[in-house]
Structures are given as structure tokens and as C-alpha cells.
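Coordinate analysis (summary)
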Amino acid sequence: LLCRVPARVAFPMKRFSPSLCVPCIFVAMGVSVIGLASSSLLGRFLELFGLQPHVAISIPQNPLALLLFAVQLCVLTPLVEEVLLVRRYFVDCSLEPRQSMRRFGDSFALVLSAILFALFHGNLSQAPNAFLMGLVIGYLVLYSGSLWVGIIIHAVNNLLNLAADLLLQTIPEPYQTLVWLAIL
């Protein structure tokens, strides 16, 4: 609104090919494994200094609350973060290159976008994963020209993490690390 950019330019929601989206999801999930491992290492390193970098999200036990939580995490959050978040509107592909940070180059805009995405999550131990996913999602949105690709990748990532967290809750604590490594 401030830049008076047409909605179709500000929010590139053009159709995309599912044959493009499926490989993009697999690439993003592969990068997520690297990001999760990096986040885990960072968390362990910070714990050596007595810092508690991880902010745990409590998953509701009530089935209805769990359903609403899943909708919020896997539908609303990806939509809000990918469409309305500053990283998309002011940095990535949503504006004409001359009107956004892309005027300094796509690489600069992608890195800045990924940094903002990591900071937006507000969880230090999650920052490496959020940064890497921000780079991948930003690149794939630029490549495809559609925010839908980023929204779908983000939703699948959140859904898989929620499923893993639910699974880990059912396993005795001594075996959780082993199961988590198997999931990765």
C-alpha cells in the first residue's frame, strides 16, 4: 500500500506446476535436515555455557485443541509468514526489482530475507534451520515466481515437524534421541 504496487505484483500467486512443487519439497526437506542438525548443535553448544536457547512449544493434549493448533501451525502460519511477512513484501520477489532490496542483487535480497525469517522466529536454537529454510524457500519462490510454492513447502515442513513431535511424545525419553535421528 505504501509503495502503491498492484496486488498481482506485490503478491505473485500465479499457478505453478505440481511437477515443480514436489521436487522443491524434497529439496527443502533435505536442507531442513541440515538445518535441524545445525540447530541441534547450536543448542548443545549454548547449553555448555548454561544458556537455555530452546523455547519449547507445548502441544495441546485435547483433540480439538490439537486440531486447531495443527491448522494454525500448518495452514495459517505458512500463509501469514510467506504472504504478509516483511521478508516477502519488501525483500523477495514480491516487488519489482527496482522497488525492493533486489536492486542490490538477488543474492543480497535472499540472504537478507533469510536473516529476517530466522529473526522473526525468535528462537535462537531454531535460527540455523530457519535461516537455511528461508534461503531455500526464497530461492524457490524466485525461481517459480509463485508464493504458493513457498507456502506449500512451509506447510509441509511444519506438518512433518508436528508429526515428529507427536511421535516423540509417545516414546520413552531414553529412546527419543535415537528415534529423532532415525526420522532425520
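Counting its secondary structure elements, the chain contains 8 helices and 0 strands. Listing each helix as α and each strand as β along the chain from the N terminus yields α-α-α-α-α-α-α-α. Expressed as a percentage of the 184 residues in the chain, the buried residues total 38%. Sequence separation of 24 or more characterises 70% of the internal contacts of the chain that already satisfy a separation of 6 or more. As presented, the chain carries roughly 10800 Å² of accessible surface, and 71% of it is formed by carbon and sulfur atoms.

Turning our eyes to something else, we now look at a nonpolar patch on the surface. A cluster of nonpolar side chains, Leu-64, Leu-67, Leu-68, Val-71, Val-75, Leu-76, Leu-79, Val-80 and Trp-148, forms an exposed patch at the surface whose accessible area comes to about 790 Å². Relative to the helices and strands, Leu-64 is located in helix α3 (residues 63-84). Owing to a relative accessible area of 55%, Leu-64 belongs among the exposed residues under this scheme.

Let us now look at the nonpolar core. The biggest cluster of nonpolar side chains holds 16 residues, and the ones touching the most others in it are Ala-28, Met-29, Met-133, Leu-140 and Ile-153. When contributions to this core are tallied by element, the ones reaching two or more residues are α2 (18-48), α6 (127-144) and α7 (147-169). Counting residues per element, this core draws most heavily on α2, at 6 residues. Apart from the residues within four sequence positions on either side, Met-29 is in contact with Met-133, Ile-153, Val-156, Asn-157 and Leu-160. Counting 5 residues, the second-largest nonpolar core is a separate cluster that includes Ile-59, Phe-69, Leu-73 and Cys-74.

This brings us to the side chain of Asn-129. On the secondary structure map, Asn-129 appears in helix α6. Look at Asn-129 and you get buried, because its relative accessible area is 6%. The contacts of Asn-129, once residues within four sequence positions are left out, are Ser-32, Gly-35, Leu-36 and Ser-39.

Quick look at the packing of aromatic side chains now. Throughout the structure, instances matching the rule amount to 2 aromatic pairs. Centre to centre, the rings of Phe-45 and Phe-49 are 5.1 Å apart; their planes meet at 75 degrees, and the pair counts as edge-to-face. Note on Phe-45: relative accessible area 46%, which makes it partly exposed. Arranged with centres 6.2 Å apart and planes meeting at 20 degrees, the rings of Tyr-139 and Tyr-143 form a pair that is stacked. You can see Tyr-139 and its partner Tyr-143 sitting in helix α6, 4 residues apart, about one turn around the helix.

Below, the discussion takes up the pattern of salt bridges. For the coordinates displayed, the defined rule picks out 1 salt bridge. A salt bridge links Glu-47 to Arg-44; the nearest nitrogen and oxygen atoms lie 3.7 Å apart. Of this pair, Glu-47 and Arg-44 both sit in helix α2, 3 residues apart, roughly one helical turn.

A few words on the environment of Ser-125. The topology assignment puts Ser-125 in the loop between α5 (106-121) and α6. Among the polar contacts made by the side chain of Ser-125, one reaches the side chain of Asn-123 at a distance of 3.2 Å.

In this model α6 runs 25 Å from its N-terminal to its C-terminal C-alpha over 18 residues, within 8% of the 26 Å that 1.5 Å per residue would give. Buried within α6 we find Asn-129, Ala-130, Met-133, Gly-134, Val-136, Ile-137, Gly-138, Leu-140, Val-141 and Ser-144. Within two residues after α6, Gly-145 carries a phi angle of roughly 75 degrees, on the positive side.

Examined against the element boundaries, Leu-76 turns out to sit in helix α3. In this structure the C-alpha to C-alpha distance between Leu-76 and Ile-151, which are 75 residues apart in sequence, comes to 9.7 Å.

So, about the confidence of the model for the chain. On average, residues of the chain score 81 in pLDDT, and 80% of them are at 70 or above. When pLDDT is averaged over each element of the chain, α3 comes out on top at 91 and helix α4 (residues 86-91) at the bottom at 50.

So, how was this worked out
- Residues numbered from 1 in each chain as written.
- Predicted model: local features only at pLDDT ≥ 70, side-chain atom pairs only at ≥ 80, totals over all residues.
- Heavy atoms only, no water.
- Helix = DSSP H or I, 4+ residues; strand = E, 2+ residues; numbered from the N terminus.
- Buried < 20%, exposed > 50% of the residue type's maximum accessible area, 1.4 Å probe, protein only.
- Contact = heavy atoms within 4.5 Å.
- Areas by Shrake-Rupley, 256 points an atom, 1.4 Å probe, with all protein chains shown as cover.
- Patch = residues over 30% accessible without salt bridge, like charges linked within 9 Å, V, L, I, M, F, W, Y side chains within 5 Å.
- Salt bridge = Lys/Arg side-chain N within 4 Å of Asp/Glu carboxyl O.
- Core = buried A, V, L, I, M, F, W, Y, C linked by side-chain atoms within 4.5 Å.
- Phe/Tyr/Trp six-rings, centres within 6.5 Å; stacked < 30°, edge-to-face > 60°.
- Polar contact = N/O pair within 3.5 Å; in protein donor to acceptor, adjacent residues only side chain to side chain.
- Expected span 1.5 Å × (residues − 1).
- pLDDT = per-residue confidence, 0-100.

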